[in-house]
Amino acid sequence: MRLSRLPLTTLKETPADAEVVSHQLMLRAGLIRMLAAGLYSWMPFGLKVARKVETIVREEMDRSGAVELLMPAVQPAELWHESGRWEQYGPELLRFADRHEREFCFGPTHEEVITDIARRELKSYRQLPVNYYQIQTKFRDEIRPRFGVMRAREFVMKDAYSFHLDSASLDETYEEMRLAYCRIFDRLGLEYRYVRADSGAIGGALSHEFHVLADSGEDEIVYSEQSDYAANVEQAPAPAPESPRAEPTQELQEVDTPDQRTIEEVSEFLGTPPKQSVKTLIVEGEEDGSLVALILRGDHRLNAVKAAKIEGIRSPLCFADEAKVREKLDCPVGSLGPAGLDLPLYVDASAAVLSDFVCGANREGVHYIGVNWGRDADPEQVCDIRNLEDGEPSPDGSGPVRSARGIEVGHIFQLGDKYSQAMNCTVLNPDGKEQVVTMGCYGIGITRIVAAAIEQNHDEQGIIWPDAMAPFSVLLCLIGADRDGTVRTTAETLYQQCQEAGIEVLMDDRDLRPGVMFAEADLVGIPHRVVISPRTLEQGRLEYRHRRNLDEAEEVAADGLLEFLQAKITPS
RNA sequence: CGGGGCAUGGCGCAGUCUGGUAGCGCACCUGCUUUGGGAGCAGGGGGUCGUGGGUUCAAAUCCCGCUGCCCCGACCA
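Residues numbered from 1 in each chain as written. Chains lettered and ligands numbered in written order. Predicted model: local features only at pLDDT ≥ 70, side-chain atom pairs only at ≥ 80, totals over all residues. Heavy atoms only, no water.

Visitor: So what about the overall build of chain A? Which residues, and what values?
Guide: Within chain A, the secondary structure is distributed over 16 helices and 30 strands. Dimensions of chain A, computed from C-alpha atoms along their principal axes, come out at roughly 90 × 70 × 50 Å. Across the 572 residues that make up chain A, the buried fraction comes to 55%. Sequence separation of 24 or more characterises 68% of the internal contacts of chain A that already satisfy a separation of 6 or more. Within the structure as shown, chain A displays about 26,100 Å² of accessible surface, and the carbon and sulfur contribution to it stands at 48%. Averaging the coordinates of the 61 positive side-chain charges in chain A and doing the same for the 96 negative ones gives two points 5 Å apart. (Helix = DSSP H or I, 4+ residues; strand = E, 2+ residues; numbered from the N terminus. Buried < 20%, exposed > 50% of the residue type's maximum accessible area, 1.4 Å probe, protein only. Contact = heavy atoms within 4.5 Å. Areas by Shrake-Rupley, 256 points an atom, 1.4 Å probe, with all protein chains shown as cover. Lys, Arg positive; Asp, Glu negative; His and termini not counted. Charge placed at Lys NZ, Arg CZ, Asp CG, Glu CD.)

Structure representation (structure tokens):
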């Protein structure tokens, strides 16, 4: 492609409302343009990248034995009523009616449709296992779309659904998918981890997520350096306390703590370490209008996913707002504590082994010291509701865990019979009996991968595409073509050669000042750059740089460039 | 949905408090000079100041309603 034929608009300034680098760079490099909140147009270069990702995903899905199909984006409400999700899914599901007042939704996922297909198409166990997949636009009316295409409302996803007679067969396909996903992220050139995960709203038993590692990631993952243990913190169990609770040595005592609200403030004020205090969080209970208290050690962080799974606590976890706490307990949230609190106490295991600890006295500006369980407060339940922290023992006993931020780009689930049961998807088994099939489902966020790749591969100047995702692999920059005819003729020859050799080449034949051309080249991030200018062309030579290493230039003979490039470009 | 903020040319902003000619930088167009890291000079085009109402001789500016977007919390590829 010739840049003179493409209206590429890059931005010198960073758009004010773009929070994360990938969003900023995608806008600046002209890959995407926003239409409305969470809705983006994919401009020519952005689309090229997305298609690269799609192609690799498609190739590896095909290699794994999955078969591609395409389902409608718009789905009838009836199917969702059958699965029960029309009621469950909530406002994230975009619903609308057609001219006959029949209800539809724009598909956020396709379990219902594929299960409907399966129950019509699949009659015999001999047809199993099957793994159907599609690459398609989804819509989820996210409460808060943000970070550009990282969390857009409309996005492209590869979703696959497998059908099995039994769980052993599901296990096999699940493992095949895991391997296919590893091949995909390896080929894309991304640094990633796959982790044990919570299966969330989709349901089912076993589930793994694939995360691209990046500091801006919205998820926290923990992994062992000693073993292959890795998990989303959401579901990583915290270690049991090392020592049992010590006997009380102090009496319960009130202290004035004026204007001290947070654990840090109170600890500093009293001169006690945060781990010797307890924090009290008020959340909604399972019964409407009821409240319960979650108690954690002062230096620990609440794990909302684990907490929401506990009986008696509303799921999803819902914090009581400050006004409601004041009204019910007559105390600001900064001065709450378990002693004398008239609510069921769900106490984290490591808070439950404290003795002589510090907590709020349930009156503004007053705390207790020397608090002890049994004597001063009684847990309703002792449970695991905190995050596993960096440096703590790994749940598999292999040593300490490390923690890292990740962007979830893939998720695989063993669904079991949740949908097949509800929608009566059966086949005849070898005994001639009808049997409900077992399902798996496997998602990859195509458009999110594009953003994640930028988060992981950029510098001050702009994007640095991994070879496999680059919109083009080679950029020819023409400098001084208007003054020196040989620049253009040389460039044209090389451009032809590259195209004939199957190298994806972009030629910047715009009559720009060198500074502008280089700045844009850096921003757009094409990996291999060749500068054709009178300066080196006099000796029949060209200048080559890799985007990752702009300081290192190599001079190459013009007539040997093709071979040179072929050696540089790593096949994907 | 709750809380906070913003809305002025394609982008980034000033002007709003204290009502009176709509302004700056970038981008865009023309010409000349320049040409290896986002050029210089000269000229030029483009804005119902988000939107509807109100107050006023007069509204970007003051008042009320609506809409859109961004940020902080619970969701997820």
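Visitor: Break down the sheet that holds strand 27 (residues 505-508) for me, with residues and values.
Guide: Here we have 5 strands laid out as an open sheet, ordered 27-26-28-29-30, and mixed in their pairing. One side of each edge strand has no neighbouring strand; the edge strands of this open sheet are strand 27 and strand 30 (549-557). Strand-to-strand, the axes of this sheet are offset by a mean angle of 25°, without reference to chain direction. Note that strand 26 (residues 474-478) and strand 27 share 4 bridges and pair parallel. (Pairing = 2+ DSSP bridges. Axes fitted to C-alpha atoms, helices over the stretch in contact; angles between N-to-C directions.)

Visitor: Tell me about the domain arrangement of chain A, and name the residues and values.
Guide: Per the domain assignment, the segments making up chain A are domain 1 (17-236 + 403-455), domain 2 (253-383) and domain 3 (472-568). Just the C-alpha atoms count here: the centres of domain 1 and domain 2 sit 38 Å apart. Between domain 1 and domain 2, the contact holds 5 residues from the first and 5 residues from the second. Counting the surface lost from both domain 1 and domain 2, the interface buries some 400 Å², and carbon and sulfur atoms represent 33% of this. Here domain 1 and domain 2 share 1 salt bridge between them. The salt bridge involving E220 is made with R301; its shortest N-O contact spans 3.4 Å. Looking at the side of domain 1 that touches domain 2 residue by residue, the classes come out as 2 nonpolar, no polar and 3 charged. (Domains from an automatic or database assignment. Buried area = accessible area lost by both parts, 1.4 Å probe. Salt bridge = Lys/Arg side-chain N within 4 Å of Asp/Glu carboxyl O. Nonpolar A, V, L, I, M, F, W, Y, C, P; charged D, E, K, R; others polar.)

Visitor: Outline the protein's contact with RNA strand B, supporting the account with residue identities and numerical values.
Guide: Around RNA strand B, a shell composed of 51 residues is seen, among which E92, R144, D522, S533 and E543 lie nearest. Expressed as a percentage, the sugar and phosphate content of the atoms of RNA strand B within 4 Å of the protein is 48%. The backbone of A16 places a nitrogen or oxygen atom 3.5 Å from a phosphate oxygen of RNA strand B. With respect to RNA strand B, the side chain of R513 contributes an N or O atom lying 2.6 Å from a base oxygen. Those elements that place two or more of their residues in the surface near RNA strand B are strand 1 (32-36), strand 8 (154-164), strand 20 (401-416), strand 23 (438-445), helix 14 (514-524), strand 28 (528-532) and strand 29 (541-546). Among the elements that take part in the surface near RNA strand B, helix 14 stands out by supplying 8 residues, more than any other. The class makeup of the residues in the surface near RNA strand B is 22 nonpolar, 6 polar and 23 charged. (Near = heavy atom within 4 Å. Polar contact = N/O pair within 3.5 Å; in protein donor to acceptor, adjacent residues only side chain to side chain.)

Visitor: Give me unusual backbone geometry: which residues, what numbers.
Guide: Residue P129 is bonded to the preceding L128 through a cis peptide linkage, with omega at -5°. For P129, the location among the structural elements is in the loop between helix 5 (111-121) and strand 7 (130-139). Positive phi values are uncommon outside glycine, yet F147 reaches one of about 60°. Its relative accessible area of 15% is what places F147 among the buried residues.

Visitor: Give a detailed account of the environment of L343, specifying residues and quantitative values.
Guide: Tracing the chain through its elements places L343 in the loop between helix 9 (322-329) and strand 16 (345-348). Separated by 29 residues in the primary sequence, L343 and N372 place their C-alpha atoms 17 Å from one another. Other than its neighbours up to four places away in sequence, L343 contacts I282, L291, V292, A293 and L329.

Visitor: Can you break down the pairing of strand 30 residue by residue, with the values?
Guide: For strand 29 and strand 30, the ladder comprises 5 bridges, and the chain directions are antiparallel. Residue pairing for strand 30: Y544 is matched across the bridge by E554.

Visitor: An account of the side chain of E142 is requested, with residue identities and associated values reported.
Guide: With respect to the helices and strands, the residue E142 is situated in the loop between strand 7 and strand 8. You can call E142 buried: its relative accessible area is 19%. Of the polar contacts made by the side chain of E142, one reaches the side chain of R151; its length is 3.3 Å.

Visitor: Which residues make up the environment of I184, and what values do they have?
Guide: As for its placement among the helices and strands, I184 is situated in helix 6 (residues 167-188). Taking the C-alpha atoms as reference, I184 lies 8.7 Å from V53; in sequence the two are 131 residues apart. Apart from residues no more than four positions distant in its own chain, I184 is found in contact with I56, V57, E60 and I444.

Visitor: Tell me about the packing of aromatic side chains, and name the residues and values.
Guide: In this description, an aromatic ring pair is defined by two values, namely the gap between the centres and the angle between the planes. Applying the stated rule across the entire model yields 13 aromatic pairs. An aromatic cluster of three or more residues is present, and its members are Y181, F185, Y192, Y194 and F210. For the cation-ring pair, R193 lies above Y223, with the distance from its terminal atom to the ring centre recorded as 4.5 Å. (Phe/Tyr/Trp six-rings, centres within 6.5 Å; stacked < 30°, edge-to-face > 60°. Lys NZ or Arg CZ within 6 Å of the ring centre and 35° of its normal.)

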